[in-house]
Number of protein chains: 2
Amino acid sequence: MSKVSNGYGGEKQQLNDGRDSRGETAKLGTDRFVNNPILTPADVKPFREDFEVIGTFNAGVAMYDGETILLSRVAERPKVTDATIVRIPFYDHEAARLAIHNFDTRQSEFDFSDPRGISSKSGKHTAYLTSLSYLRIARSRDGIHFTVDEKAFMFPENEYEAFGLEDPRITQIGDEYYITYTSVSSLGVGVGLAMTTDFKRVQRLGLIFPPENKDVVIFPEVIEGKYYALHRPSVSGLGNPEIWVASSTDLVHWGGHRHLMGIRPDSWDSVRLGAGAVPIKTEDGWLEIYHGSDEEGRYTLGAVLLDLKDPTKIIARSDRPILEPEADYEVNGFYKNVVFSCGLIAEGDRLRIYYGVADTAMAGVELDLQDVMDSLNLQRV
Amino acid sequence: MSKVSNGYGGEKQQLNDGRDSRGETAKLGTDRFVNNPILTPADVKPFREDFEVIGTFNAGVAMYDGETILLSRVAERPKVTDATIVRIPFYDHEAARLAIHNFDTRQSEFDFSDPRGISSKSGKHTAYLTSLSYLRIARSRDGIHFTVDEKAFMFPENEYEAFGLEDPRITQIGDEYYITYTSVSSLGVGVGLAMTTDFKRVQRLGLIFPPENKDVVIFPEVIEGKYYALHRPSVSGLGNPEIWVASSTDLVHWGGHRHLMGIRPDSWDSVRLGAGAVPIKTEDGWLEIYHGSDEEGRYTLGAVLLDLKDPTKIIARSDRPILEPEADYEVNGFYKNVVFSCGLIAEGDRLRIYYGVADTAMAGVELDLQDVMDSLNLQRV
């Protein structure tokens, strides 16, 4: 199996038995970076001394000025000083500052059993998150070793971001980088859009998808006169958390919503789906690396190929995952058994996929584009 | 209290004690039509002989060619022939025809306790609806006595409408009438847009809001360069079913989503809200008649006034309802205690509000615009 020279060849670890990855027993996703996890909470200085970083994960990815940019979701919470008190950080929109709710777990109508959030005991309604996420840049010259910026790139600053900004994706269109991110508050979980040209200053462009939605990736070019995005409505009544597609003429207003792909019973993507990395253009179609989860809440990456001229049409979808949680840092962490990609860099026929692990840290893996395409069982005419 | 001549004065019924409706103990919503309910299932011939009409309600309203148009949601179901079998109608997209699922209630993994739908016993996930809704026109020269068209105006015809079309609103913009409607299927509950110029032919313009959303009303004119709509995301995690506002440049693509107004604890609108009639322009602002429901699932109408140049801003909101379920036909029916408006006709200083009652029939009421404005406790400078 030939490999393309890409400067990363020396730093891979093999989790499989070393057989040719195109062989019958081959598994994809075995060229994990040897220095995984490449970004951990220990690498990130808390934004305030009385806070601690509990996660740096699900980073959006871009190439800018010769550097690989990881725009990481950083989750912080107030340090625990009294085990009976749960301290909930949030952005107080009216006071225009960060604030903290203190909940006495001994005298409360809330349920604290989920480490990610607290909910009312009466309903199962989530009321607050236990950590606040925001977006912070890590930069690298070699794509492997990253240095985290001193300050946040995007910190909550309006009522729709009161509980945080999560899981960004970055789409480069010309010199402009468009960032989609989950905007979380007591008003709901929607999707915000922002734009930067230099990864220093950023302009917010409002909520482009109302609650309840997440996992939005914008295609990197106009297709037959329209922009396209994949999105993931979260539904409570009819329907399932599946991938939809929408179109736009200006990136701000979206319509033409169509259901793209659904969960598959008895599969690794049987419970929920969401778009992952920004789609990349190949000869055969738009290649999208998405995530699926199963009944055990295990998050895995798969691939789907969409028509080049009409990305509402599926050409092929892989039956098997291209990356599963196997390494210790993927299996263990704040939320176990998660690999979750928000971005990749395509270089020739190699894909450098960055992905969050266990809602805790960032990792990287290299895949041959051809291996991913082969997983689709594409029937060539 | 002066009344404007409007041709309906002779056919009102009074439910209150007859005191001046501006007095301290006055109640609004007392000028109900004497022939209420004005449209009932008995007035509608089933679209197929083996079906029965169980509801004609939540009609969109328009004036066209001198007639009042009620575009009613009509709910039908297969006639019951065997009490142990629940027969679920749906549009089979692939076969392009109506089909029926038969469920044996004695041998089923489903829960049949809710008359509106059946759900899996394992989760509380709604799986099917027990009736199929579609849109059918009733026409009237006097606004009171209606004749139902022989055939459906819009019947399910694509996969997003497989379980039906519900709760339409009609916005007239020039000679074009834009219809928003809830589009229901196993893929979720979204909002479709359609356009007609003659209430004979209709053109579908796709889903303008993805699941889970409903209760969309489009403002009847461009405001400072943009179209606006109110919408109602249905959320399962953070947030509540409340009214949002969005903008558009072409009616098809929507963005700039903002939360407009929330539920109020211990009030008649404490659990869920939704826009009702298409907003009407007054000197003081855009007047919107919306619905709210409480812990008992009782649906009531209220009023809110929005800024003329920026309808994302609330000027005033009424503390008390303008119409509550009180009459027998509002209190009893398929779903008890519901008044639910999808449209009104403003004539001078009188509002002729049409509203669905108990998810069963249509009724009408006349209100003085001034009474509704007074309910807002508007502070005039």
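Relevant structure appears above.
Criteria and cut-off values
Residues numbered from 1 in each chain as written. Chains lettered and ligands numbered in written order. Predicted model: local features only at pLDDT ≥ 70, side-chain atom pairs only at ≥ 80, totals over all residues. Heavy atoms only, no water. Salt bridge = Lys/Arg side-chain N within 4 Å of Asp/Glu carboxyl O. Helix = DSSP H or I, 4+ residues; strand = E, 2+ residues; numbered from the N terminus. Buried < 20%, exposed > 50% of the residue type's maximum accessible area, 1.4 Å probe, protein only. Least-squares fit on C-alpha atoms with pLDDT ≥ 70 in both. Contact = heavy atoms within 4.5 Å. Pairing = 2+ DSSP bridges.

J.: How should I be thinking about the pattern of salt bridges in this particular structure?
T.: One side chain can pair with another of opposite charge once the charged atoms of both are near each other. One pass over the full model with this rule turns up 50 salt bridges over all chains. Linking Arg 350 of chain A and Asp 368 of chain A is a salt bridge whose minimum nitrogen-to-oxygen distance equals 2.4 Å. Of this pair, Arg 350 of chain A sits in strand β26 (residues 350-357) while Asp 368 of chain A sits in strand β27 (residues 361-368), and the two are 18 residues apart along the sequence. This pair shows no difference in class: Arg 350 of chain A is buried, exactly as Asp 368 of chain A is. Note that Asp 269 of chain B and Arg 317 of chain B form a salt bridge whose closest N and O atoms lie 2.8 Å from each other.

J.: Mind showing me how you'd approach the relation of the copies chain A and chain B here?
T.: Both copies of the chain are tied together by a single rotation about an axis and a shift running along it. You can overlay chain A on chain B at an RMSD of 0.0 Å; the transform is a turn of 180° with a shift of 0.0 Å along its axis. Viewed as a symmetry operation, the transformation between the two copies matches a two-fold axis. The residues that chain A uses at the interface reappear at the interface of chain B in 100% of cases, marking a shared surface.

J.: Sorry, what's going on with the sheet that holds strand β7 (residues 110-111) of chain B here?
T.: One open sheet holds the three strands; their spatial order is β7-β8-β9 (chain B), and the pairing between them is antiparallel. Only two strands of the sheet have a single partner each, and these edge strands are β7 and β9 (126-129) of chain B.

J.: Quick question: what am I supposed to make of the environment of Gln 203 of chain A here?
T.: All names here are of chain A. Considering the arrangement of structural elements, one finds Gln 203 in strand β15 (residues 203-209). For Gln 203, a relative accessible area of 44% translates into the label partly exposed. For Gln 203 and Ser 122, which are 81 residues apart along the polypeptide, the C-alpha to C-alpha distance reads 40 Å. Leave out the neighbours within four places in its chain, and Gln 203 touches Leu 193, Ala 194 and Met 195.

J.: Before we go on, may I ask you to explain the pairing of strand β13 (residues 176-185) of chain B in this structure?
T.: Regular strands show a simple pattern: their side chains alternate between the two faces of the sheet. Residue and element names in this part refer to chain B. A large share of β13 lies buried, amounting to nine of its 10 residues. Pairing analysis gives eight bridges linking strand β12 (residues 164-173) to β13, with the strands arranged antiparallel. Paired with Ile 170 across the strands is Ile 179, a residue of β13. What sits between the antiparallel neighbours β12 and β13 is a turn of two residues, in which Gly 174 has the positive phi angle 65°. As paired elements, β13 and strand β14 (residues 188-196) share nine bridges and run antiparallel to each other. The residue bridging Tyr 177 from the neighbouring strand is Thr 196, located in β14. From the end of β13 to the start of β14, which pair antiparallel, there are two residues.

That is the geometry; function is a separate question.
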